[in-house]
Structure formats: structure tokens, C-alpha cells
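Here is what each chain is made of, one letter per residue.
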Amino acid sequence: MDREQLRSRLDEDLRGIVAGEVLCDAESRSLYATDASLCEVWPLAVVRPRTSDDVAATVRWAAEHQVPVHPRGAGTSLAGGSLGTGIVIDCGRFFRRILRTGGDEVHVQSGVVAAQLEEHLARAGRSLGVDPTNRWVTTIGGLIGRNSSGSRFPRHGGMSGRLESARVVLADGAIVDLEPTAPASPHQPALRDGDTSPVPDTAAAGTAARLTRLASGVAEILGASRAQIAASQPSTRATHGGYQLHDLVRSLDRDGLVDLPRLLCGAEGTLGIVTEATLRTVPDDAATAVGLFLFDSLDQAATAALALRPLAPDACDLFDKRHLTLARTARPAFEELIPPVAAAGLLVEFSAADDQAAAARFDEAARRLQGPRALCIDVRRAEGEAEKAALWELSRSVVATLHGVRGTVRPVPFVEDVVVPPEAVPAFVRRLQDVLKECDLTAMLFAHASHGQLHIRPYVDPRDPAERLRLERLADAIYGEVVAVGGTIGGEQGLGLSRTPFFTTHFSALAGLFTAVKRVFDPQGVLNPGLVSGVSPDGVAWRPPLGLPPPSPTTHPVAPAAAVPAFAPLPLPLLNWTAEQLSDEVDACNGCGGCRSQSPSSRMCPLYRENPAEETSPRAKANLMAALLSTRLDPASLGQDTVRAIADTCFNCHQCRADCPAGVDIPAIVTELKAAHVEINGLDPQSWLLSRVDLLSSLGGAVAPLANRAIASPQARWLIEKVLGVARGRKLPPFTGQQVMRWAARRGLTRPSRRSGPRVLYFLDTFARFHDPLLVKALVAVLEHNGIGVFIDPRQVSAGMPLVAAGDVAAARRLASTNLRVLTEAVRLGYRIICTEPSAVTCIVHDYPLLLEDDEMERVVAATSDAATFLWDLHREGRLRLDFQPLSTLQQPAPRILYHAPCHARIGRDTSPAEHLLRLLPGLTLDSADRGCSGMAGTFGLSRGNYRTSLRVGLGLVSAMRSGGIEAGATECSGCRIQMEQGTSKPTVHPLKLLAKSYGLLTGPGPDGLDSLLSGRSGALTTS
Ligand SMILES: Cc1cc2nc3c(=O)[nH]c(=O)nc-3n(C[C@H](O)[C@H](O)[C@H](O)COP(=O)(O)OP(=O)(O)OC[C@H]3O[C@@H](n4cnc5c(N)ncnc54)[C@H](O)[C@@H]3O)c2cc1C
Ligand code: SF4
Ligand code: SF4
């Protein structure tokens, strides 16, 4: 049976018996072919189980057909730990429940994200203790698979110290609850799993017998190899790559039990698939003292870390100069904190029962490092919790910062993760620098120094085959040095596909024991074969180059040659960039998985948060495009619905571009994918109509009285839903036709301004032009009040964002080209361009350069901003009038307003000018906490198909609007405004209207007065 036949057999067999999802199409498989490593291997299929039985059924099928199985959590392994040619079992999709909590234990499913568990435990004053930097992404299954740890390893150890027991699917599909188990006594027969001892007659007895067999098999290996284990896995506290045999010897000696759960930790899914786990938790620290020591050389920092060991710091992280420089450039706070002369730093934490005791421990450390030997040049001690958190950011963001370095040559995760005895760190760091020189390479170094864990990232171009050879030679040389000082490789980040070949070479005796243990659990080699022990003879499975002919089987041996057939040339790019620029953008995504985060401190990705499936994540889009560019995926896929469906899980909010450490332009990549689909298939009629919302608004406006009656009529809304696809439950704004343009013409605004001094061209876009005349009047009044000349060029058309979002690039180009002529003329005359709609700014600034080639583009982009930014800049220059009057409403003298920063207004900035402006207004109480994306995303939330998803995404914001005390909302985005008014009767207004009102420029009450908008009666939006 060839691979295709095997795949269709799998599809047929498993679809009927698995309650979860079975994905066999090439597009879905391409999303599971990579992780955060440099490796790529295409799986046969992907299964997303809902139950342990699903996992068991899949494993049974795989064992029967001799197909490997690869458990996966979030797919953030830096060594290719979840990749393989068989069936990937994605435990991160549905296994997300915390099942029980009590005392010092918690029972969870294996796909629970570490930070979500931490949030849950924090309510009871407890924690998991294990603190990986990517806790908002990584899953419990991944932490177990990797025996992960973090900076606080010296205090809390790694995952192996937390796992009490685990429900596991074994290699033959049996489901067992693994716990520490006594091996059989010498009088009992049949010690090996796989032996044909009599079958016990109850399930419990069967499981017990199974555990005894496993324990006995392992105990036999431990018993026969004690001396070898002691020599190869010295019992320092640092973690070791692979199976923790030294730990098992200890527990066997101590309790007479084989600690089977502990064996799972670091096993990288090779012994069993964890579906549930019982974890021991720790109480939160009572008090901590945190500080950053700075040094003038790496050598001094490494020596200082050693000097601190007797004080047993809870954490002691070492940063080299490159990292400190990157941190200084990335964040202004670090620029103040870290002087340029600092060549290395140590972040140190001490905990104690109270603040005083913690401070005393820290002071002792400072005395040692600043004393007669004067190891450090400076120390920055954090005062208070906010400063501690800020200092910790240096460590927390370390990997993200490394992942943020762009360019073909960048610090790559391949060698990293070696562990040396702590006392050997200073000498090893010196030797490391020599080895790098010998290999003519540079590297970044980050270390958990007090336990000898070093992360080394050499700068290379990972897609260049010659560089890869250099990288492999460097890895080999460094690992040789590690062996020489009695260390190990693949500590907290595993061996995976990148390091297992080297482990087998450098630690052959231990690798032999690992193979024996593997045989006890998985004699057929079903679970992640080739990881931890017995690696594939073909070596590392490198990611293929992008945009080049398919590599030959000898350079990319793990995926069979049949996976890279010759395809027709790719019809990309369709946007205004070169194929090389597109490849570079795609290549900048390193798979770190940061965009799977559901942390409240970032907003990416609203749709992934609502539906946490791999294809919804931003990195899925980059991976899909990479598969096309490397020709592993047939370009004909571009016309397929599967590609369109993946691309459609992006609604163009640009939050990934803002929050991704590498700033990957996922929206542009998605536009390419959608554009290609449209080029091949065209748009379906409803998408065509909805992407021309400007046309609908204009037509509605031409028959405004009729259209406004229609959008309020249930029967007409039913018809509109059927024909246009606009959800009938969605509140809609009334049509006002050409009112605004007529008013502007009467005011002389449609001619270039005759005022001297600063002048702006007001780019209206659709909502202001066809639905919100009051906003236009408010902005004009505010600008004129501040002596700014206003020009509303009547030749302008809509920006075209809905067309871009739909992938109708040709139509978007036509609008862009008309607007560009208008805007270029204005810019030449010295106008700034301002918009009240943030998405119009994004469209002009981000999308127009991707749509059109034009010499004047740069000037137009530089001159364009949203109105709030323009006014806030005016204020910062001291030129904004501040004659504001207190605002009041019918209910309150000081209304409480919920301000929502729209996604498109957040791109590229930490602050919100509109919020700053609102804070200038007297008598206004502003609530501006971030509740995430509104979920409206232009026309996305209008459509019947997306209506419910849109409401779910915006639930946080809508709930906040509903809360007592909030009288009204304020936001710049018209879509967000519609959503904020959707679930409540409270109105939401553009902040500029509040500004105008506070200046006394809009008088009320009355139909055009602001009081009516703040009176607690929404009325401006209409629903059936
Ligand atoms: C930005 C970034 C920061 C990182 N920081 C740290 C850090 O501070 N500390 C650290 O230790 N690591 C760190 N890592 C490495 C990696 O993320 C962790 O090792 C993490 O635990 C992997 O979790 P995951 O859910 O992504 O697992 P995956 O990558 O999906 O899988 C990891 C391994 O576990 C196995 N596995 C997954 N689920 C199961 C299961 N249910 N049953 C059995 N086996 C399973 C897989 O087969 C694989 O071998 C970092 C990685 C990145 C990209
Ligand atoms: S898009 Fe950014 S955050 Fe997401 S995986 Fe790629 S690099 Fe990481
Ligand atoms: S643009 Fe928004 S919806 Fe699209 S992938 Fe990025 S964060 Fe997700």
C-alpha cells in the first residue's frame, strides 16, 4: 500500500470511530509539518482527539498498520519533538479542561495551557512552580513530554517533580493510569511487557498487571546498569535529555517503586500519550527580592553566578551583551536600566517567609558581588512588585526577543540547551567562545547559570545547506566540550529531531539504555520513533528552502521523495512585492507559537482565542504559504476551498503584526492567499456584495427613507439576509445619503482650504460619509476651532479595506489608484491626510503600498494618520486649545465612559492618542481597560455566517458595556461601535464627538446634539 492508499484507508477507518477530528488533506497536514525548530516533516494525517478512547483507537490503528504516532501539544518544541511521518495527535485542541482541584493537587487534561492552569491555581494561592517563559502557549502534555522547567528550576525543579500520576495511552492502545509501581518479586514470572502472561479477568487487574510488567522491565534495566547510569547521568539537580534514569534509581532505592510517571517526563512522547495528569502544586512565594547585577564581561558574570551558589538563589539567569543590547533597543525601560557598557547581566531572585528576610538574602548576594573582588559593575534592585515584574520581563522575553531577530542570518535554535556542572560554567563559557571562533560563527548566550543550563543560539542562515553543515559541525564541537566537562545535552528543551542524532553519538552508552527502556514500553516503535533513542539514520530533517526547486532526497531525507513532486510554477505574488520579499516575510515566522497565546496582555489573535485550533492561528497562514513556496504543496491548492477556509480564519485585524515578536506581516500573507483564490475562482455573490459595502451604503443612501424603513422591518431584514447575507439580528446604522457632501460643499470644504497655516485633507471613508454626518461636522468643528484648514476632496472614494479583506485585489487596486491621485495632489500642496476611521489609515498606510507601485507612495504614507493622532501630536506641540467645558449627560454630571481602542488604532504603538485626548476632558470618568477585539472586523461581523463568531469574540467588550455604571462607550472604529451597541441600549460615540461637545461646538439636546447620544437611548443604530 503506498502512502496515499494508506491515508485514504486511515481516513475511512478512523472517521467512523473517532469522536474528534481526522485531517488528511495536504493543506491541514502542512500546518503540522513544523514547530519552533528548524525541522520539517510532513505527517501522514492529523487526529484531534476529544477523548482518551479516540487516542487509543488511533494508536491501535497505527500499531496495526505499522504507522508511527506523534503526540503534540502546542507544537513549540525547539528541537522538532512533535514532528514525524506518521499520525500527529493534536492534544492541544480539545483536551483543555481542568478536571479537579483540591489540596496540593490538580487533575487536568493534557492540552491545558500552563498559564491558564496558573491563573486557576493562583485563586487558591498556589502555583505549578514550573515556569517556562512561554507559559501562555505551552501545554501540560508538552511540559511533561519535555520535562520542561524555567528560571526557578533551582527552587521548584522541572516537571518531573510535579507529576504524580498520568492517564496514558500506551503503544498498543491500552489506556492505563500510570503511577509509581513496585516491580514483580523475583518469584513472579513474565516481567516484560509484550510477554504472554495469563490475561487477568478484570480491567483493574489487567491494568495493575500491565503496570507491574512495565515497572519490572524498567527495574531490570536499572538493576543491570546502575554503574553505567551513575557514570552517564550524574545526579546533579540539573535536568538531563531523555529518560530520567538516575531519578528512577533513586526512587527505586528509596521506596521500592519504579516511578513510571517520572519516566514519562522528558520521554518526548516515546513511551505513552498523556491524556490526563495529576500534578502536585506549590504554595505561592510569600516574599521575594529580585535584582539585576551588571558586569563588564561574560566571564565575570559566569564567575559571579558560581560565587552565588552557596547562597542558593531561587533563580539566577545570565544574559550576554547581545541580549542586553537587543533588550535595550526593544524597550525604553531597559534602555534606562541597562547602561551600554554592561557586557553581561545576572537576574537573581531570592524568596523567604517575609520581605525583610528576602531582602537580607539579596543584600548578602550584593555584598559578595560588590565586595573586595568587585565582580559586578552595578546592581539594580527592584522596588515593589511592578519593578520586579519589569525586571523579570528580561528573562521572560528572552526567547521571544531571539525569535524577533529578523533576516536570513539570525540566532537559531539548534545547538541550544546544554547542561554542564554549575562549577564548570565559567570555564565552559570561555571554551565555548573559542569553539565559536574556530567555527567562524557568533552566537547569543542565555543561561540559567546556577544550575548550568545554557541556551546557545548561533547566527546562521538556516535555509542555506552550506550553513547547515557549519551548524552541524558547530553542534558536534560544542557537544564534545559538554561531554568533556561531564555535562549533557537536550536539558529542558529536549532532544527532538535536532539533537537525538548527536545524543546517540556522544552518549552512546546511555542511548543504548534508552533503547532498552523504549522496548519495554513500545517494542514495535509506534510512538515517536527516532526520538530520544535510535534516531533515523538519515539525520536531521531540515526545513526546505523557500522559493527554490524541491531539495533532493539526500538533502531532505526524512520526508519521502514522493512528497515533493514537480508542480507548475506558483502564481504568486499578486501583491506589489517580489517573490523574494514574500519568502522573507514567510521565513520570518519561526513557529514560536507566540500567536497561540491567550494572554490578556496581548490581543493577538482574536479568532484563535475564540477557536483555538491550529489553522486559526496566525502562524498557520505563514506555514501554509511556506508549504506553497517550498513547492511541497501543489500551487493548485491555491484555488481549493481548504486553503480559502484557512485564510478565512483571519479577519484582517492586524493584531498579530502588532504583537508577534518577529512582526511577521500575516495579514499581507493572508491577502496573497485570498487574492490567489479570488483570481482563480472569483468571489461568491454574497462576499462580492459585502465587500462592496460602500456601494450598498451609497445605494441605500439614494433611497434613504425607504432603506431606513427596510433595515427596521423584520420581513425586509429576512430578505436582506437571504439576498445580501447581512445577519438579520445585526443592528445597522441608518443611511444618510449625500448629506455630508452637500453640507461640506455648502461650507466650502470641498475646495482646497484658503486658510494659511496647517491644513488637512479629511479622508472620510464609508461610515462617516454615508452614515455619520455628525462625526464629520464634529471633526471639522474641532479642527477649525484649532485653526486648522480642512479640505474634503469630493473625488475621494472609499479606502477599500473590505475588498482587501475579501482578497479582491483588482477591485481594491482601482479604489486605491483613484484615492492615491487625490492624496498625492494634497500632499504635494502640503496637506496632512487624516481619517476618523482607523481601518482606512491601515488600508492607506499598509495596503496601498502592497497594491500599487508609485513614486509618491512613501510621501502619502508618511503624511497619513488618524485624526486622534493628529490632534494629540498638536497637543504635544502645545498647539491644541484646551478650553474644554465639563461634560454632562441627562443622568450624570460626570458620565462614566468605556473607551475601547480599536485593533487598527493599536498597530505600531503602545499608547492610544484617542484615550489621551479623552483624558483631557473635564468631568469625564474613563474606563479604558483592554477587553480585546470587538469581533466586528469591518464587514466580518455583518455577515450571517460570521455573526455568532463575531459576538463570541466581542463578548468581553459587550459584557463590559453592559456593566452597571458605564453610561456610554467611545471608540474610533465604526465597526466596534456597532458591536458595542449590539448587546445593549447604551450608545457608543466617536471620541471626537466628545471633544467637540466639550469644546461647546455641538450643542444639544436635539437631533444633532450630543446629549441625545449620551442619554442612555441608543437610537442611532437600527435593528429589526
Ligand atoms: C518562545 C519559546 C520559549 C520557550 N521557553 C521554554 C522554557 O522557558 N522552558 C522550557 O523548558 N522550554 C521552553 N521552550 C521549549 C518548549 O516550548 C517547551 O519545551 C514546551 O514544553 C513544549 O510544549 P508544547 O505544548 O508546545 O509541546 P510540543 O512541542 O507540542 O511537544 C513537546 C514534546 O512533548 C511531546 N508531547 C506533547 N504532548 C504530549 C502528550 N499529551 N503526551 C505525551 N507526549 C506529549 C511531543 O511529542 C514532543 O516530543 C520554549 C519554546 C519557545 C518557542
Ligand atoms: S507569526 Fe509570529 S508569533 Fe506566530 S509563530 Fe510566527 S513568529 Fe511566532
Ligand atoms: S490579522 Fe487578526 S485575525 Fe488575522 S491572523 Fe492576525 S490576529 Fe488573527
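The model shown is predicted, which means the values in this text are computed figures rather than measured ones.

Student: I'd love a proper account of the sheet that holds strand β26 (residues 925-927), names of residues and values included.
Tutor: Taken in spatial order, the four strands make up an open sheet running β26-β25-β27-β28, and their pairing is parallel. Each end of this open sheet is capped by a strand with a single partner; those strands are β26 and β28 (988-989). Relative to strand β27 (residues 968-970), strand β25 (residues 896-899) is paired through three bridges, and the arrangement is parallel. Across the sheet, the residue bridging to Y899 is A970, located in β27.

Student: Summarise the confidence of the model for the protein chain; cite the residues concerned and give the values.
Tutor: For the protein chain, mean pLDDT is 91; residues scoring 70 or higher make up 93% of the total. Below a pLDDT of 50 lies the segment residues 548-564, which in the model reaches 24 contacts outside its immediate sequence neighbourhood of four places, other chains included. Ignoring residues within four places in sequence, the model shows residues 1015-1019, a span with pLDDT below 50, making eleven contacts including any to other chains.

Student: Explain helix α9 (residues 245-255) to me, using residue names and the numbers behind them.
Tutor: Three or four residues apart is the spacing at which side chains of an α-helix point the same way, because the helix has 3.6 residues per turn. Restricting attention to buried positions, one finds in α9 the residues L245, H246, D247, L248, V249, S251 and L252. Of the surrounding elements, those touching the buried residues of α9 are α7 (203-224), α8 (226-232), α10 (260-264) and α20 (508-521). A positive phi of about 75 degrees marks G256, the residue just after α9.

Student: Summarise the sheet that holds strand β4 (residues 87-90); cite the residues concerned and give the values.
Tutor: Taken together, the four strands give an open sheet; going across it, the order is β1-β2-β4-β3, and neighbouring strands pair in mixed fashion. Strands at the two margins of the open sheet, each flanked by one partner only, are β1 (21-23) and β3 (69-72). Neighbour to neighbour, the strand axes of the sheet diverge by 20 degrees on average, direction disregarded. Across four bridges, the pairing between β3 and β4 is parallel. Counterpart to V69 in the pairing with β4 is I87. Across the sheet, helix α3 (residues 52-64) lies against β2 (45-48), β3 and β4, angled at about 170 degrees from β4, the strand it touches most.

Student: Tell me about the site of ligand 2, residues and numbers included.
Tutor: Surrounding ligand 2, one finds C589, N590, G591, C592, G593, G594, C595, R619, C660 and P661. Classifying every residue of the shell around ligand 2 gives five nonpolar, four polar and one charged.

Student: Could you give an account of the pairing of strand β9 (residues 175-178), with specific residues and numbers?
Tutor: The two faces of β9 differ: V176 and L178 on one face are buried, but I175 and D177 on the other face are not. Bridge count for strand β8 (residues 163-169) against β9 is four bridges, and the pairing is antiparallel. Across the sheet, the residue bridging to R167 is D177, located in β9. The hairpin formed by β8 and β9 contains five residues between the paired strands, and G173 there has a positive phi angle of roughly 95 degrees.

Student: An account of the site of ligand 1 is needed here, citing residue identities and associated values.
Tutor: By nearness alone, 36 residues border ligand 1, and P71, G73, T76, T139 and S149 come closest of all. Within the backbone of S77, one N or O atom sits 2.9 Å away from an oxygen atom of ligand 1. Taken by itself ligand 1 offers 970 Å² of open surface, and the protein chains cover 98% of this. Only β3, α5 (140-146), β10 (273-280) and α16 (398-404) provide two or more residues apiece to the shell around ligand 1. Sort the elements by how many residues they give to the shell around ligand 1 and α5 lands first, with five residues. Here the shell around ligand 1 is built from residues that sort into eleven nonpolar, 21 polar and four charged.

Student: So what about the pattern of salt bridges? Which residues, and what values?
Tutor: This structure, assessed with the given rule, holds 55 salt bridges. Note that R146 is salt-bridged to E268, the shortest N-O span being 3.9 Å. Within this pair, whereas R146 is found in helix α5, its partner E268 is found in the loop between α10 and β10, the two being separated by 122 residues in sequence. As far as burial versus exposure is concerned, R146 and E268 are alike and both buried. We note a salt bridge from D363 to R381, for which the minimum N-O separation is 3.2 Å. Of this pair, D363 sits in helix α14 (residues 355-370) while R381 sits in strand β15 (residues 378-381); the two residues are 18 residues apart in sequence, bridging distant segments of the chain.

Criteria and thresholds
- Residues numbered from 1 in each chain as written.
- Chains lettered and ligands numbered in written order.
- Predicted model: local features only at pLDDT ≥ 70, side-chain atom pairs only at ≥ 80, totals over all residues.
- Heavy atoms only, no water.
- Pairing = 2+ DSSP bridges.
- Helix = DSSP H or I, 4+ residues; strand = E, 2+ residues; numbered from the N terminus.
- pLDDT = per-residue confidence, 0-100.
- Contact = heavy atoms within 4.5 Å.
- Buried < 20%, exposed > 50% of the residue type's maximum accessible area, 1.4 Å probe, protein only.
- Axes fitted to C-alpha atoms, helices over the stretch in contact; angles between N-to-C directions.
- Near = heavy atom within 4 Å.
- Nonpolar A, V, L, I, M, F, W, Y, C, P; charged D, E, K, R; others polar.
- Polar contact = N/O pair within 3.5 Å; in protein donor to acceptor, adjacent residues only side chain to side chain.
- Areas by Shrake-Rupley, 256 points an atom, 1.4 Å probe, with all protein chains shown as cover.
- Salt bridge = Lys/Arg side-chain N within 4 Å of Asp/Glu carboxyl O.

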